[in-house]
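Below, each chain spelled out in residue letters.
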Amino acid sequence: MEKARVLRNKIAELTKTFPADEKYRLGDQIIRSSRSIGNNIAEGHGRYHYTDASRFLINARGSAAETIDHLIIALDNRFITDELFNQYKNDCEECMKMINGYITYLRKQKNQE
C-alpha cells in the first residue's frame, strides 16, 4: 500500500510537467489510474471474504498496468524521457509484484478454510 501511495504522489508531481493542453486528457487519466491502485488495495483489504479481496487486488493490478500504458503515451509524445519512463515503469511493476504476492497469500488462506 505504501508503494502505491508513493507512486500516486510521484505521478501527481510528474503530470505538473505535462503541457497545459494535456491537463484534462492524459494528465487526468494517469492520475486517476495511479490513484485507483491504492484505492482498490484499500477496498480489497476492507472485505471480509478472500474472494472479494482478491477481486479488488486484481483491479489494482490492472490499474498499475493502465498507468504503465499512460506512461508509454507520455513517452511517445515526448512528455517524459526514457529514463523517467523506466523509473516510473519500475515503480508500477514493483506495485504489481507486491499485489501478486498479496493475491497469492489470500488464495492460500482461502484454500485453508
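Everything below is about the structure shown above.
Residues numbered from 1 in each chain as written. Predicted model: local features only at pLDDT ≥ 70, side-chain atom pairs only at ≥ 80, totals over all residues. Heavy atoms only, no water.

Draft legend 1. Local environment of the pattern of salt bridges. Throughout the structure, instances matching the rule amount to 9 salt bridges. Taking the shortest distance from any N to any O, the salt bridge between D21 and R25 comes out at 3.1 Å. According to the relative accessible area criterion, R25 is partly exposed, its value standing at 44%. The shortest N-O distance in the salt bridge between D52 and R55 comes to 2.9 Å. Here D52 pairs with R55, and both are found in helix α3 (residues 50-76), just 3 residues apart, close to one helical turn. A relative accessible area of 43% means that R55 is categorised as partly exposed. One salt-bridge network, in which partners are shared between bridges, spans D21, E22 and R25. (Salt bridge = Lys/Arg side-chain N within 4 Å of Asp/Glu carboxyl O. Buried < 20%, exposed > 50% of the residue type's maximum accessible area, 1.4 Å probe, protein only. Helix = DSSP H or I, 4+ residues; strand = E, 2+ residues; numbered from the N terminus.)

Draft legend 2. Geometry of helix α4 (residues 82-111). Its 30 residues give α4 an end-to-end C-alpha distance of 43 Å, which sits within 8% of 44 Å, the value for a rise of 1.5 Å per residue. All of the buried residues along α4 are F85, Y88, C92, C95, M96, I99, I103 and L106. (Expected span 1.5 Å × (residues − 1).)

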